[in-house]
Amino acid sequence: HLSIALAIALFLTVTIFLFLRIFTRHGQALSVPDLAGLSLHEVDSVLTERKLRFQVVDSVYNTQAPRGSVIDQNPQPEFKVKENRTIFLTINAFNPEIIQMPNVVGVSLRQASAVIETAGLRIGKLTYVPDIAVNNVLQQKFRGNVIEEGDSIIKGSEIDLVLGRGLSSE
């Protein structure tokens, strides 16, 4: 009886391992293509051809990349995956991010720089006019027009500042 039990156990073990090898497609892996810079339409055709799927999980706005193109992917290029695996994509947003303009009027240039950069903006042209305070922000401008606190503005825009230079005649 012991030999029959061992034979049945051996048969079941071999059968299970063969079934798992077939079911999990052991050793059958595809290489993930590099999708960086491709549009979603191009990604769809490339991945459909390789029997892979994709899902957009995030978007960022990058001025250096074309709108709607792939910025990042997971798994990375050349990673080995099985058929029907989902590739998760981060794409460049179609529209830039809009933020609220912070108020930097009445603060020093140093503090204004920190607030502007924290908001995702950049310092543009600095203009100095006579005023009692040195390096005090008197106006904030966007494209030559005064911009008020709370106005909508595209993230990454340049903000020009009008600063006081003191009352000296230099």
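Please refer to the structure placed before this passage.
Residues numbered from 1 in each chain as written. Predicted model: local features only at pLDDT ≥ 70, side-chain atom pairs only at ≥ 80, totals over all residues. Heavy atoms only, no water.

### So, the nonpolar core
How we decide: Buried Ala, Val, Leu, Ile, Met, Phe, Trp, Tyr and Cys residues form a nonpolar core when they are joined through side-chain atoms within 4.5 Å. Between buried and exposed lies partly exposed: a residue is buried under 20% and exposed over 50% of the maximum accessible area for its type, with that area taken using a 1.4 Å probe on protein chains only. Secondary structure counts use DSSP, requiring at least four H or I residues in a row for a helix and at least two E residues in a row for a strand, with both numbered from the N terminus. Throughout, a contact is declared for two residues whenever any of their heavy atoms are within 4.5 Å.
The biggest cluster of nonpolar side chains holds 15 residues, and the ones touching the most others in it are Val 104, Leu 121, Ile 153, Ile 159 and Leu 161. At the level of elements, helix H3 (109–118), strand S8 (134–142) and strand S11 (158–165) are the ones that each hand at least two residues to this core. In contact with Ile 153, not counting residues within four places along its chain, are Glu 97, Ile 98, Ile 99, Met 101, Leu 121, Phe 142, Ile 147 and Ile 159. Listed in part, the 10 residues of the second largest apolar core include Val 32, Leu 47, Leu 52 and Val 81.

### Focus on unusual backbone geometry
Along the chain, Asn 74 connects to Pro 75 via a cis peptide bond; the corresponding omega equals 5°. Here Pro 75 lies in the loop between strand S3 (70–74) and strand S4 (80–81). Although it is not a glycine, Asn 84 adopts a positive phi angle of roughly 65°. Inspection of the secondary structure assignment puts Asn 84 in the loop between S4 and strand S5 (86–92). Positive phi outside glycine occurs at Asn 135, with the angle close to 60°. Among the structural elements, Asn 135 can be located in strand S8.

### Concerning the sheet that holds S8
Put simply, the rule is: Two strands make a pair as long as DSSP finds a minimum of two bridges between them.
Read across the open sheet, the 4 strands follow the order S7-S11-S8-S9; overall the sheet is mixed. One side of each edge strand has no neighbouring strand; the edge strands of this open sheet are strand S7 (122–129) and strand S9 (145–146). By the bridge criterion, 5 bridges tie S8 to S11 in an arrangement that is antiparallel. For Gln 140, the partnering residue across the bridge sits in S11 and is Leu 161.

### Focus: the environment of Pro 75
On the basis of relative accessibility, which here comes to 3%, the residue Pro 75 falls in the buried class. Sequence separation between Pro 75 and Val 14 is 61 residues; the distance between their C-alpha atoms is 33 Å. Leave out the neighbours within four places in its chain, and Pro 75 touches Val 32, Val 81, Arg 85, Thr 86 and Ile 87.

### What about the environment of Glu 83?
Among the secondary structure elements, Glu 83 is positioned in the loop between S4 and S5. Under the relative-accessibility criterion, Glu 83 is labelled partly exposed at 34%. C-alpha of Glu 83 to C-alpha of Ala 29: the two residues are 54 residues apart in sequence and 7.3 Å apart in space.

### Considerations on H3
The following threshold applies: Here, the arc refers to the directions that run from the helix axis to the C-beta atoms.
What H3 keeps buried is the set Leu 109, Ala 112, Ser 113 and Ile 116. Projected onto a plane normal to the axis of H3, the buried residues spread over an arc of 105° and lie on a single side. For H3, the exposed residues lying more than 90 degrees away from the buried face are Arg 110 and Thr 118. As for H3, its buried residues are in contact with S7, S8 and S11.

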